[in-house]
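# Structural overview
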Amino acid sequence: MLFTRGFSLTNFVIGSSALCFQTMVLYPWHEKLDEEFEDLKRVHKKTLKELEERRQQEIAEIKQQLQNIEDLHRKKRWW
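Quick summary incoming for the structure in this document. (Residues numbered from 1 in each chain as written. Predicted model: local features only at pLDDT ≥ 70, side-chain atom pairs only at ≥ 80, totals over all residues. Heavy atoms only, no water.)

## Digging into the overall build of the protein
Helix and strand counts for the protein come out as 1 helix and 0 strands. Taken over C-alpha atoms, the radius of gyration comes to 33 Å for the protein, far larger than the 12 Å a tight globule of 79 residues would show. For the protein, the accessible area works out to roughly 8,100 Å², and carbon and sulfur atoms hold 64% of it. Placing the 14 positive and 13 negative side-chain charges of the protein at their respective mean positions leaves the two points 6 Å apart. (Helix = DSSP H or I, 4+ residues; strand = E, 2+ residues; numbered from the N terminus. Rg over C-alpha atoms; globule rule 2.2 N^0.38 Å. Areas by Shrake-Rupley, 256 points an atom, 1.4 Å probe, with all protein chains shown as cover. Lys, Arg positive; Asp, Glu negative; His and termini not counted. Charge placed at Lys NZ, Arg CZ, Asp CG, Glu CD.)

Dropping the structure here:
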């Protein structure tokens, strides 16, 4: 009987300690990680948008340069 009671008390203390650790340490840490992850996602989306804008600008510049080359090539043909 004494052994059973001691075992039950030990299980209660271990379970209570684990629950306190989860609620006092892990949950706030999890919330902080969620906030940082959301910040990271916002930065990532912003970076992707900037890269897409740069890529489109470069494509437009390349098209303009090709158009200039074609125009120059057409002028030389008729000379």
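## Points about the pattern of salt bridges
By the definition in use, this model includes 5 salt bridges. In this structure, Glu-52 engages Arg-55 in a salt bridge whose closest nitrogen and oxygen atoms are separated by 2.7 Å. In this pair, Glu-52 and Arg-55 are both assigned in helix 1 (residues 2–77), 3 residues apart and thus about one turn of the helix distant. The partly exposed category is assigned to Glu-52, whose relative accessible area is 32%. A salt bridge links Asp-71 to Arg-74; the nearest nitrogen and oxygen atoms lie 3.8 Å apart. Taken together, the residues Asp-71 and Arg-74, both in helix 1 and 3 residues apart, mark about one turn of the helix. (Salt bridge = Lys/Arg side-chain N within 4 Å of Asp/Glu carboxyl O. Buried < 20%, exposed > 50% of the residue type's maximum accessible area, 1.4 Å probe, protein only.)

## Observations concerning a nonpolar patch on the surface
A grouping of Phe-21, Met-24, Val-25, Leu-26, Trp-29 and Leu-33 is seen on the molecular surface, where their side chains present a nonpolar patch of about 610 Å² in accessible area. Tracing the backbone through its elements, the reader meets Val-25 in helix 1. The class of Val-25 is partly exposed, set by a relative accessible area of 40%. (Patch = residues over 30% accessible without salt bridge, like charges linked within 9 Å, V, L, I, M, F, W, Y side chains within 5 Å.)

## Concerning the environment of Leu-2
Summarising the element assignment, Leu-2 is placed in helix 1. Sequence separation between Leu-2 and Leu-51 is 49 residues; the distance between their C-alpha atoms is 70 Å.

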